[in-house]
Amino acid sequence: MRCDQAKKLIPVYLDGELGQEEARLVKGHIASCAACQKELHALERSWKMLGEWKNIDPAPGYVSRFWTKVSLERPWYETLGQEMGEALDRLRRRRLAPVYVMVCVLLMTSIFSLRNYWQMREAQELAASLDQEELEMAADVELAENFDIIQEMDFLEDLEVIEDLDSLET
Amino acid sequence: MPFPDNTNPYLSDPDVRLMLDFQGGDKASFEALMRKYYPRLLNFIYRFTGSAELAEDLTQEVFLKVYSASTAYRPKSKFQTWVYTIAKNISLNELRRHKKTPLSLDEPFLSEDGPVQRQLEDTQTPRADEQMLRDETSAAVRAAINSLPENQRVAVILRRYEQFSYEEIGQTMQMSVKAVKSLLSRGKENLKNKLTPAGTFE
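Residues numbered from 1 in each chain as written. Chains lettered and ligands numbered in written order. Predicted model: local features only at pLDDT ≥ 70, side-chain atom pairs only at ≥ 80, totals over all residues. Heavy atoms only, no water.

A. Seen up close, the interface of chain B and chain A. In this complex, chain B contributes 41 residues to the contact, which on the side of chain A involves 36 residues. Taken together, both faces of the contact between chain B and chain A bury some 4,100 Å²; the carbon and sulfur share is 63%. There are five salt bridges connecting chain B and chain A. A salt bridge links B:Arg134 to A:Glu52, with the shortest nitrogen-to-oxygen separation between them at 3.2 Å. In this structure, the connection of chain B to chain A is made through 19 residue pairs in polar contact (both at pLDDT 80 or more). Breaking the side of chain B that touches chain A down by element, the ones donating at least two residues are α2 (27-49), α3 (52-69), α7 (128-146), α8 (150-160) and α10 (177-195) of chain B. No other element matches the 11 residues that α2(B) contributes to the side of chain B that touches chain A. (Contact = heavy atoms within 4.5 Å. Buried area = accessible area lost by both parts, 1.4 Å probe. Salt bridge = Lys/Arg side-chain N within 4 Å of Asp/Glu carboxyl O. Polar contact = N/O pair within 3.5 Å; in protein donor to acceptor, adjacent residues only side chain to side chain. Helix = DSSP H or I, 4+ residues; strand = E, 2+ residues; numbered from the N terminus.)

Below, the structure is given as structure tokens:
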């Protein structure tokens, strides 16, 4: 293997990513070539130096900052829709079936008794309004009895007559 | 086989599983992915763009993208490959956008607020000289990586700091392993020339 060929392969050789045959050839060449040995060491050293550029830590609270961004970037109705969905999910996950049944039973019972109550009220009102009508009807009957006389009279002139209606009747 | 999807090889990737769980409505899975990948992507973007501040914004953007892609998500690669590809593209776009109003190249050396302060406090220790040398080395490394062409820079960072295999780099950068080999060879050679100029370290 020539030096220019080896030089091209050394960086990959250092990563252990050469095929078996190529790796064997490079290894053989380096063992007998001072220049390529130097090249290999320089590459190794500079690669190692990169480790001096240390990692940085994310600014704390990056998860919650993300969710805030999400809620700001989405229209309110989508957020609302999702929140309602999530609330429903939470309810569903809690196995509240017995509670639901209880609530349903309570609701049905109260609707039923309310209906009874209203029916009762209606009946009472009907009875009450009947009395009133009867009274009015009684008054009307009296008026009807005097109808002919009232029709005959001139209102202004016969004012005194009205006062004497009862006596006229007799 | 009851589900045709079972033939998808990427379903064995636990992170793909988490993504699918999130697709099914499990927010905790998304947060698990975030905790695992956020710090790594932050550092990847930080080294690629050279700015810690920008990296924080862009990493958030990567996860916004993952979030909005979740409804239509179909695993076509390992999760890691997918998310690093997104990070690479977002960073590239940002760098190109800044080319008109250049993101000053020396920014990485000025915006060291965090690390520099910590290092300054350390100067009281007897290792002050050693520390100063390390800071110089760190600055030289930044400059060297910053000077690499974009593709070489991505490959070098993925290999050196993210411990990606050549195959993983190829998948993330959408190129063959052969192309990765040549990219990394040139990148390493360039770094060697910048960091160990002939004779300096002999």
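Let us keep going from here.
B. Expanded view of the side chain of B:Glu94. Here B:Glu94 shows up in helix α4 (residues 79-97). Looking at B:Glu94, its side chain comes within polar contact range of the side chain of B:Arg97, at 3.0 Å.

C. Looking closely at the nonpolar core. By size, the foremost hydrophobic cluster in this structure holds 72 residues, and its most contacted members are A:Leu50, A:Phe66, B:Phe30, B:Val62 and B:Phe79. Non-local contacts of B:Val62, meaning those with residues more than four positions away in its chain, are made with B:Leu41, B:Ile45, B:Val83, B:Ile86, B:Ala87 and B:Ile90. (Core = buried A, V, L, I, M, F, W, Y, C linked by side-chain atoms within 4.5 Å. Buried < 20%, exposed > 50% of the residue type's maximum accessible area, 1.4 Å probe, protein only.)

D. Layout of helix α4 (residues 62-73) of chain A. Compared with an ideal rise of 1.5 Å per residue, which puts 12 residues at 16 Å, α4(A) spans 16 Å between its outermost C-alpha atoms and is within 8% of the ideal. Buried within α4(A) are the following residues: A:Tyr62, A:Val63, A:Phe66, A:Trp67 and A:Val70. Down the axis of α4(A), the buried set is contained in an arc of 140°. They therefore lie on one face. Looking at the buried side of α4(A), the elements it contacts are α2 and α3 of chain B. (Expected span 1.5 Å × (residues − 1). Arc of directions from axis to C-beta.)

E. Seen up close, a nonpolar patch on the surface. Where nonpolar side chains cluster on the molecular surface, the patch consists of A:Val99, A:Val103, A:Leu107 and A:Ile111 and spans about 360 Å² of accessible area. Structurally, A:Val103 is set in helix α6 (residues 97-145). (Patch = residues over 30% accessible without salt bridge, like charges linked within 9 Å, V, L, I, M, F, W, Y side chains within 5 Å. Areas by Shrake-Rupley, 256 points an atom, 1.4 Å probe, with all protein chains shown as cover.)

F. Looking closely at the packing of aromatic side chains. Applying the stated rule across the entire model yields 20 aromatic pairs over all chains. Judged by centre distance (4.9 Å) and plane angle (45°), the ring pair of B:Tyr73 and B:Trp82 falls under tilted. For B:Tyr73, a relative accessible area of 5% puts it in the buried group. Taking the relative accessible area as the measure of exposure, B:Trp82 reaches 22% and is therefore partly exposed. Here a set of aromatic residues connected by ring pairs shows up, and it is made of A:Tyr62, A:Phe66, A:Trp67, B:Phe22, B:Phe30, B:Tyr38, B:Phe63 and B:Tyr67. Above the ring of A:Trp53, the side-chain terminus of B:Arg47 is found at 5.6 Å from the ring centroid. Positioned above the aromatic ring of B:Tyr161 is the side chain of B:Arg160, whose terminal nitrogen or guanidinium carbon lies 6.0 Å from the ring centre. (Phe/Tyr/Trp six-rings, centres within 6.5 Å; stacked < 30°, edge-to-face > 60°. Lys NZ or Arg CZ within 6 Å of the ring centre and 35° of its normal.)

G. Region of the structure containing the environment of B:Arg74. Residues and elements named next belong to chain B. Structurally, Arg74 is set in the loop between α3 and α4. For Arg74, a relative accessible area of 54% gives the class exposed. For the pair Arg74 and Tyr10, spaced 64 residues apart in sequence, the C-alpha to C-alpha distance is 9.8 Å.

H. Broad picture of a negative patch on the surface. Side chains of A:Glu73, B:Glu53, B:Asp57 and B:Glu61 sit close together on the surface and give a patch of like negative charge. For the negative patch, the element with the highest residue contribution is α3(B), accounting for three residues. Position of B:Glu53 among the secondary structure elements: in helix α3. Taking relative accessible area as the criterion, B:Glu53 reaches 68% and is therefore assigned exposed. (Lys, Arg positive; Asp, Glu negative; His and termini not counted. Charge placed at Lys NZ, Arg CZ, Asp CG, Glu CD.)

I. Representation of the pattern of salt bridges within the structure. Counting across every chain of the model gives 15 salt bridges over all chains. Between B:Glu31 and B:Arg35 there is a salt bridge whose closest N-O contact spans 3.5 Å. In this pair, B:Glu31 and B:Arg35 both sit in helix α2, four residues apart, roughly one turn of the helix. Note that B:Glu162 and B:Arg40 form a salt bridge whose closest N and O atoms lie 3.8 Å from each other. On the criterion of sequence distance, the pair formed by B:Glu162 in the loop between α8 and α9 (166-173) and B:Arg40 in helix α2 is long-range, its members being 122 residues apart. Note on B:Glu162: relative accessible area 8%, which makes it buried. Residues joined in a network through salt bridges with shared partners are A:Asp15, B:Arg159 and B:Lys188.

J. Main features of the side chain of B:Arg47. Checked against the element boundaries, B:Arg47 lands in helix α2. Residue contacts for B:Arg47: discarding those within four places in its chain leaves A:Trp53, A:Lys54, A:Asn55, B:Ile145, B:Arg153, B:Ile157 and B:Tyr161.

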